[in-house]
Amino acid sequence: MARRYGGAYSPGGDPRSDEERSSTAVSTGPKRGKKAKRKRVNPVGARVNILFMLPFLWAFSAFFRDPAGLAQHLGVFALLMLSAWLTREGVIAQDAYAQRRVARRPAIPRKIFGSVVMGLGLGLAGLGSAYGMAGPVIFGLFGAGLHFFAFGPDPLRDKGMEGIDEFQTDRVARAIDTAEAYLAAMSDAMLRARDRTLESRLTDFQSHVRELLRTVEDDPQNLTAARRYLSVYLEGARDATVKFVEIYERDRNAEARSDYVALLDDLEQNFMLRTETLRDNDRQALDIEIDVLRERLEREGLRPRIPGPNSIPDPQPR
């Protein structure tokens, strides 16, 4: 069975010998019943990064041209860089849209604008060719079409917004944006600690926080019960992380490290309990609505076909 290599001097390594680790792995076997955590892949991949490198071909060649050619090539460079930036922001916005069950469409279709700007840039690059105006038109349409085919359109409609109060949704969106800003500040501060184990521990804590965020997103009425966790607790966790990193950078204080890990453990337990409480409340509210509907149907003389939480389904007729 393949296993990850890790010795006594590896990050998070096991100080035992290879024989002891092998015997333990054989005797215990893999742990089952636990869901493996998958690390999220950065949505900005190689395709987007290539878009930022290609424009430099025109930037370098611009200085070997006459003044008109210099202006033309620098204009192509500027347009292609703008297209790459719009595409990157559009990919990030679409990834955030896909991660949420309830989301608004992006206010600006960045990827579509990126395709248009790509076409304009390649059209400008084709000016002065031997084909007259046909060259810029062909280059522009071909470049815009390839860009649109490679990255696709932006989300053009809201998702999961049917029957939801827009005012409540806006309040939830602002609260989640604030919470995500706190989490990002914690990650940025932890980079200065240069401790991969602590970075992994912080990532685990943030995953539990984001579970609470998704629970609030699914039901905006949960915002009132979770507001203290999304504002006060996360703001305190951010301040504690920044202060800890300042201390840990100076003397790698082991006591401060253990205290910070204990703080993350306590906060993680609180966030997990709050998430479970909100989910249980949602299930109880659904059961109550089903029971009320069943009683109304019975008063009307109709046989309810809505199963209760503990009901046994009727046998199928033969």
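Because the structure is a prediction, the values reported are computed rather than measured. (Residues numbered from 1 in each chain as written. Predicted model: local features only at pLDDT ≥ 70, side-chain atom pairs only at ≥ 80, totals over all residues. Heavy atoms only, no water.)

A few points about the overall build of the protein chain
- Helices and strands together make up the secondary structure of the protein chain, namely 10 helices and zero strands.
- Order of helices (α) and strands (β) in the protein chain, N terminus to C terminus: α-α-α-α-α-α-α-α-α-α.
- Taking all 318 residues of the protein chain together, 29% fall into the buried category.
- A separation threshold of at least 6 residues defines the contact pool for the protein chain, and within that pool the share at least 24 residues apart is 70%.
- Working note: accessible area of the protein chain is about 21400 Å², and carbon and sulfur atoms make up 58% of it. (Helix = DSSP H or I, 4+ residues; strand = E, 2+ residues; numbered from the N terminus. Buried < 20%, exposed > 50% of the residue type's maximum accessible area, 1.4 Å probe, protein only. Contact = heavy atoms within 4.5 Å. Areas by Shrake-Rupley, 256 points an atom, 1.4 Å probe, with all protein chains shown as cover.)

Observations regarding unusual backbone geometry
- Residue R194 is not a glycine yet carries a positive backbone phi of 55°.
- Note that R194 resides in the loop between α7 (166-191) and α8 (196-218).
- By relative accessible area, which is 61% here, R194 ends up exposed.
- Of note in the backbone geometry, R252 takes a positive phi value of approximately 50° without being a glycine.
- Looking at where R252 falls in the secondary structure, it is placed in the loop between α9 (223-251) and α10 (254-299).

Things to note about the packing of aromatic side chains
- The final tally for this structure, using the stated rule, is seven aromatic pairs.
- Between F205 and F271 the ring centres are 5.8 Å apart and the planes differ by 85°, which places this aromatic pair in the edge-to-face class. Of the two residues, F205 sits in helix α8 while F271 sits in helix α10, which places them 66 residues apart along the sequence.
- Overall, the relative accessible area of 0% leaves F205 in the buried class.
- Summarising the aromatic geometry, the rings of Y229 and F271 are spaced 5.5 Å apart at their centres and angled 75° between planes, so their arrangement reads as edge-to-face. Residue Y229 is located in helix α9, and its partner F271 is located in helix α10; the two are separated by 42 residues in the primary sequence. The burial state of Y229 is the same as that of F271; both residues are buried. (Phe/Tyr/Trp six-rings, centres within 6.5 Å; stacked < 30°, edge-to-face > 60°.)

A closer look at the pattern of salt bridges
- All chains considered together, the criterion is met by nine salt bridges.
- R238 is the partner of D239 in a salt bridge, and the nearest nitrogen-oxygen pair spans 3.0 Å.
- By relative accessible area, which is 40% here, D239 ends up partly exposed.
- The network of salt bridges with shared partners includes R201, D265 and E268. (Salt bridge = Lys/Arg side-chain N within 4 Å of Asp/Glu carboxyl O.)

Structural notes on the nonpolar core
- Within the largest apolar cluster, 32 residues are counted, with the highest numbers of intra-cluster contacts made by F205, L212, V216, L230, L234, F244 and Y260.
- Ignoring anything within four residues of it in the chain, the contact list for F205 reads M186, L234, L264, L267, E268 and F271.
- Core analysis: the second largest hydrophobic core is formed by 10 residues, V44, V48, F52 and F151 among them. (Core = buried A, V, L, I, M, F, W, Y, C linked by side-chain atoms within 4.5 Å.)

Looking at the packing of helix α4 (residues 67-99) against helix α5 (residues 110-125)
- Contact pair α4 / α5: the axes reach a minimum separation of 8 Å and the direction vectors enclose 165°. As far as their axial angle goes, α5 and α4 are roughly antiparallel. Relative to α5, α4 is oriented so that their crossing is left-handed.
- Tallied by class, the residues present in the contact of α4 with α5 amount to 14 nonpolar, eight polar and three charged. (Axes fitted to C-alpha atoms, helices over the stretch in contact; angles between N-to-C directions. Parallel < 35°, antiparallel > 145°, perpendicular 65-115°, else oblique. Left-handed = near helix turned anticlockwise from the far one by under 90°. Nonpolar A, V, L, I, M, F, W, Y, C, P; charged D, E, K, R; others polar.)

Considering the side chain of D154
- Along the polypeptide, D154 turns up in the loop between α6 (134-151) and α7.
- No salt bridge is formed by the buried D154, whose closest oppositely charged neighbour, K111, lies at an N-O distance of 5.4 Å.
- One polar contact links the side chain of D154 to the main-chain amide nitrogen of K111, over a distance of 3.0 Å. (Lys, Arg positive; Asp, Glu negative; His and termini not counted. Polar contact = N/O pair within 3.5 Å; in protein donor to acceptor, adjacent residues only side chain to side chain.)

Quick look at the packing of helix α2 (residues 46-53) against α4
- At a minimum axis distance of 8 Å, the contact between α2 and α4 shows a crossing angle of 160°. Judged by the angle between their axes, α2 and α4 are roughly antiparallel. Considering the relative orientation of α2 and α4, their crossing is left-handed. Facing V48, L51 and F52 of α2, the residues of α4 in contact are L80, M81, A84, W85, T87, R88 and V91.
- Of the residues belonging to the contact of α2 with α4, the class tally is eight nonpolar, one polar and one charged.

A few points about the UniProt feature "transmembrane region" (unreviewed entry) in the protein chain
- Mapped onto this numbering, the UniProt entry gives "transmembrane region" (unreviewed entry) at residues 44-64, 70-87 and 108-127.
- Between the first and last C-alpha atoms of residues 44-64 the distance is 33 Å; the span itself is 67% helix and 0% strand.
- Measuring from the first to the last C-alpha atom of residues 108-127 gives 29 Å, for a span that is 80% helix and 0% strand. (UniProt positions renumbered as here; feature names shortened; annotations may be inferred.)

Re the environment of L273
- Assignment of secondary structure puts L273 in helix α10.
- Residues L273 and L212 lie 61 residues apart in sequence; the distance between their C-alpha atoms is 9.7 Å.

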